Structures are given as structure tokens and as C-alpha cells.
Amino acid sequence: MSKLHIKKGDTVYVNTGEDKGKTGRVLEVLVNKQRAIVEGVNLVSKHTKPNAQAPQGGIIKKEASIHISNLNVVDPKNPTKPTRVGRRLNADGKLVRYAKKSGEEIK
């Protein structure tokens, strides 16, 4: 399986769908399904029974996963613009991700 262009902790931009144009931080990447869970994006209503965490029960808003093809990493130089991701060797000879728009390394 090929490497993904998105990692946990990245700030991403949503390209398509109901939440198009929103940005958020990646909470989890589901590699085998090629999906990611992004903070504040693709919220769904989940009905829960009363339990220890939610003694009242009821409807809880929760982030659902979104396919990684619908996400782009946000450019570190210009945090409002999305960018594509490339890989190259840095000065230490280590493979790092970089933003194709600005050429800056993605931490």
C-alpha cells in the first residue's frame, strides 16, 4: 500500500462535500480504509443510551470519517490556502514532506 499524504495532527482543507471550504486538524487516520477523522468536519448525530459517560443519554454530535482524496494539507506559509504534498530529501538525507505551492517543509 502506498504512503498517504496526510498524517495525524496535520491541518487540512476539505475540497468537496457538505463541508467544502472548512479546515480542521486530523484526529485520526484510518490507513486501511483510506479515510481520516477531522476535527469539526463531517459531523453526524449519534443516538446514545444512558451510560457512565453520558448519564442523560440522547443525541451526540460526533465527527465521522472522510475520504482522504477529499482533503488537502494546508500550506504552512499561507494557512488559508490548500496545497499538494511532495516528498524530497532534506539536508540530513531524510525523506520529508513539503508543500508544492510554497516549497516549505511540512512539520
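Keep in mind that this is a model prediction, so the values were computed, not measured.

Draft legend 1. Expanded view of the overall build of the chain. Check the secondary structure of the chain and you find zero helices and ten strands. Reading the secondary structure of the chain in the N-to-C direction produces β-β-β-β-β-β-β-β-β-β. For the chain, the C-alpha radius of gyration of 17 Å lies well beyond 13 Å, the compact-globule estimate for 107 residues. Counting only C-alpha atoms and orienting by the principal axes, one finds that the chain spans roughly 55 × 25 × 20 Å. Within the chain, the fraction of its 107 residues that count as buried is 28%. In the chain, 40% of the contacts between residues at least 6 apart in sequence involve partners at least 24 apart.

Draft legend 2. Quick look at a positive patch on the surface. The grouping of Lys-3, Lys-7, Arg-87 and Lys-94 at the surface amounts to a positive patch. Tracing the sequence through the fold places Lys-94 in the loop between β9 (85-89) and β10 (95-99).

Draft legend 3. Expanded view of the nonpolar core. Ranked by size, the top nonpolar core spans 14 residues in total, and within it Ile-6, Val-12, Val-38, Ile-66 and Leu-71 carry the most contacts. Residue assignment for this core shows that the elements contributing at least two residues are β1 (11-14), β3 (35-38) and β7 (71-74). When near neighbours in sequence (up to four residues on either side) are disregarded, Val-12 contacts Ile-6, Lys-22, Thr-23, Gly-24, Val-26, Val-38, Leu-71, Asn-72, Val-73 and Val-74.

Draft legend 4. Region of the structure containing unusual backbone geometry. Unlike most non-glycine residues, Gln-34 shows phi in positive territory, near 55 degrees. Mapped onto the fold, Gln-34 is located in the loop between β2 (23-30) and β3. The phi torsion at Asn-42 lies on the positive side, around 60 degrees, for a residue other than glycine. Along the chain, Asn-42 falls in the loop between β3 and β4 (43-48).

Draft legend 5. Layout of the UniProt feature "domain: KOW" (unreviewed entry) in the chain. Look at the UniProt record and you will see "domain: KOW" (unreviewed entry) annotated at residues 5-32. Annotation note: span residues 5-32, helix share 0%, strand share 43%, distance between end C-alpha atoms 14 Å.

Draft legend 6. Here's a closer look at the pattern of salt bridges. As enumerated under the stated definition, the model contains four salt bridges in all. With a closest N to O distance of 2.9 Å, Asp-10 and Arg-97 form a salt bridge. With a gap of 87 residues between them, Asp-10 in the segment before β1 and Arg-97 in strand β10 connect regions that are remote in the sequence. Here Glu-105 ties to Lys-107 by a salt bridge, and the two come within 3.8 Å at their closest N and O atoms. Judged by relative accessible area, Lys-107 falls into the exposed class, the value being 80%.

Draft legend 7. Structural detail: the packing of aromatic side chains. With the rule as written, the count across this model stands at zero aromatic pairs. The ring of Tyr-98 carries the charged tip of Arg-88 above its face, separated from the ring centre by 4.1 Å.

Reading the values: rules and limits
- Residues numbered from 1 in each chain as written.
- Predicted model: local features only at pLDDT ≥ 70, side-chain atom pairs only at ≥ 80, totals over all residues.
- Heavy atoms only, no water.
- Helix = DSSP H or I, 4+ residues; strand = E, 2+ residues; numbered from the N terminus.
- Rg over C-alpha atoms; globule rule 2.2 N^0.38 Å.
- Buried < 20%, exposed > 50% of the residue type's maximum accessible area, 1.4 Å probe, protein only.
- Contact = heavy atoms within 4.5 Å.
- Patch = residues over 30% accessible without salt bridge, like charges linked within 9 Å, V, L, I, M, F, W, Y side chains within 5 Å.
- Areas by Shrake-Rupley, 256 points an atom, 1.4 Å probe, with all protein chains shown as cover.
- Salt bridge = Lys/Arg side-chain N within 4 Å of Asp/Glu carboxyl O.
- Lys, Arg positive; Asp, Glu negative; His and termini not counted.
- Charge placed at Lys NZ, Arg CZ, Asp CG, Glu CD.
- Core = buried A, V, L, I, M, F, W, Y, C linked by side-chain atoms within 4.5 Å.
- UniProt positions renumbered as here; feature names shortened; annotations may be inferred.
- Phe/Tyr/Trp six-rings, centres within 6.5 Å; stacked < 30°, edge-to-face > 60°.
- Lys NZ or Arg CZ within 6 Å of the ring centre and 35° of its normal.

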